[in-house]
Amino acid sequence: MKSIYSFSYPELEQEMLSLGQTRYRAKQIYAWLYKRDVTSFDEMTDISKAFREELKSRYDFYVPECTLRQESKDGTIKSLFRMKDGEEVESVLMHYVYGYAVCVSSQVGCNMSCAFCASGLLKKKRNLLPEEMMGQVLSYDRLLKKKNPDLRVSHVVVMGTGEPFDNYDNVLSFLRNVNSPFGLDIGARHITVSTCGIIPGILRFGKEGLQVNLAISLHAPDDVRREKLMPIDRAYPLTELIPAVIQYYKDSGGRRCTFEYVLIKDFNDSIADAKKLYDLIYPTHGFVNLIPLNPVKEKGLFRSDEKTIDAFHNYLLSKGIKSTIRKEFGSDIDAACGQLRAKHERK
């Protein structure tokens, strides 16, 4: 049986038409799902009983079950979700001054094998479905509303376990779902998708007509070092990635991407590296998000010290590159991507 949460709004409109209903029926159902947060077709009282029975025969309200939840002293919450087939993924709720953001996983495990990331410790088993991604967001949204009816998830980042552009169609359906004004109504500019640099996905994404933000994991200013951190660089080297980003900028109507750059002690954190990074990304009009390494002991990599991070940051700013240092969350609760699931599976 298919989950009712699997449909984006346009998909649900077409589904209702195929059942002999009007497009308006999709609007009614979406309002019950996302505005009133019901979990039964019987609660949809403005829909005829006969059609409710048909809905019950075709769809269920499946979302993943939260099996483990950890809360940091800084308020960050990390959860482990179990799917119907027993596979598990994790996601994180973070509280910023501007609202609550959920970091969503898009795959069970990850095949990208980035050296600084715990996600690759457990290889990809399968893609997540739209309802399995939506369930991560709904779980936190319901948790917030239990604390205070006025609270809600306001931002979504697809930056958890998995490579979103390796699961393109399901991720896109999920994005349209959370963005729909009839659904969770999270603004497109409050949604970010992060890729390790899958060029076909970047080029396709630039033509979707979305205002969703794009982030690209870069992490080194040259192919020699980037390949050591990110094996994907062998397939999509910087000589091809940077032109693709420039094309994305053109196709998307001037949407500027963010380059994510994790700072690793004595590897990619010198001022000479900052200069090479500037020369590389200047033609793209992109931003830089500097990330202090969240250590993963299995990888043997160490974070740069605060003085080095500040010097790197200040150099980029002095060259006119908009740059931020990512705020750290939940370091006391296995907050790095993949840490909680890897730790749980080892147990």
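Our subject is the structure that appears above.
Trainee: Explain the overall build of the protein residue by residue, including any values.
Mentor: Secondary structure assignment for the protein yields eleven helices and 14 strands. Taking 2.2 N^0.38 as the reference for a compact globule, 347 residues should give roughly 20 Å; the C-alpha atoms of the protein span a radius of gyration of 21 Å, in line with that estimate. Burial statistics for the protein: of 347 residues in total, 56% are counted as buried. Within the protein, residue pairs in contact and separated by at least 24 positions form 66% of the contacts whose partners lie at least 6 positions apart. Distance from the positive charge centre (50 side chains) to the negative charge centre (45 side chains) of the protein: 2 Å.

Trainee: Any details on unusual backbone geometry? Residues and values, ideally.
Mentor: With a phi close to 55°, D37 is a non-glycine residue in the positive phi region. On the secondary structure map, D37 appears in the loop between α2 (24-35) and α3 (49-58). In the Ramachandran plot, H219 falls in the positive-phi region, its phi being about 70° despite a non-glycine side chain. Mapped onto the elements of the fold, H219 is located in the loop between β11 (213-217) and α7 (223-229).

Trainee: Give me the sheet that holds strand β13 (residues 287-292): which residues, what numbers.
Mentor: The strand order β3-β4-β5-β6-β9-β10-β11-β12-β13-β14 describes an open sheet built from ten strands, whose pairing is mixed. Of all the strands in the sheet, the pair left with one neighbour each is β3 (65-71) and β14 (323-325). The mean inter-strand angle of the sheet, taken between neighbouring strand axes irrespective of direction, is 25°. The pairing of strand β5 (residues 88-96) with strand β6 (residues 99-103) spans five bridges and is antiparallel. What sits directly across from H95, in β6, is Y100. Here helix α4 (residues 130-147) sits on the sheet and contacts β3, β4 (77-82), β5, β6 and β9 (153-158); the angle it forms with β4, its principal contact strand, is near 130°.

Trainee: Give a description of the packing of helix α9 (residues 271-281) against helix α10 (residues 306-318) that names residues and reports values.
Mentor: Put simply, α9 and α10 touch, their axes get as near as 9 Å, and they point 35° apart. The handedness of the crossing between α9 and α10 is right-handed. Of the residues in α10, those in contact with I271, D273, A274, K275, L277 and Y278 of α9 are A311, F312, Y315 and L316. For the contact of α9 with α10, a count of residues per class yields eight nonpolar, no polar and two charged.

Trainee: For the environment of R189, give the residues involved together with the corresponding values.
Mentor: By the element assignment, R189 lies in the loop between α5 (168-179) and β10 (191-195). Residues R189 and C117 lie 72 residues apart in sequence; the distance between their C-alpha atoms is 26 Å. Excluding its chain neighbours within four sequence positions, the residues that come into contact with R189 are Q211, N213 and R255.

Rules used throughout
- Residues numbered from 1 in each chain as written.
- Predicted model: local features only at pLDDT ≥ 70, side-chain atom pairs only at ≥ 80, totals over all residues.
- Heavy atoms only, no water.
- Helix = DSSP H or I, 4+ residues; strand = E, 2+ residues; numbered from the N terminus.
- Rg over C-alpha atoms; globule rule 2.2 N^0.38 Å.
- Buried < 20%, exposed > 50% of the residue type's maximum accessible area, 1.4 Å probe, protein only.
- Contact = heavy atoms within 4.5 Å.
- Lys, Arg positive; Asp, Glu negative; His and termini not counted.
- Charge placed at Lys NZ, Arg CZ, Asp CG, Glu CD.
- Pairing = 2+ DSSP bridges.
- Axes fitted to C-alpha atoms, helices over the stretch in contact; angles between N-to-C directions.
- Left-handed = near helix turned anticlockwise from the far one by under 90°.
- Nonpolar A, V, L, I, M, F, W, Y, C, P; charged D, E, K, R; others polar.

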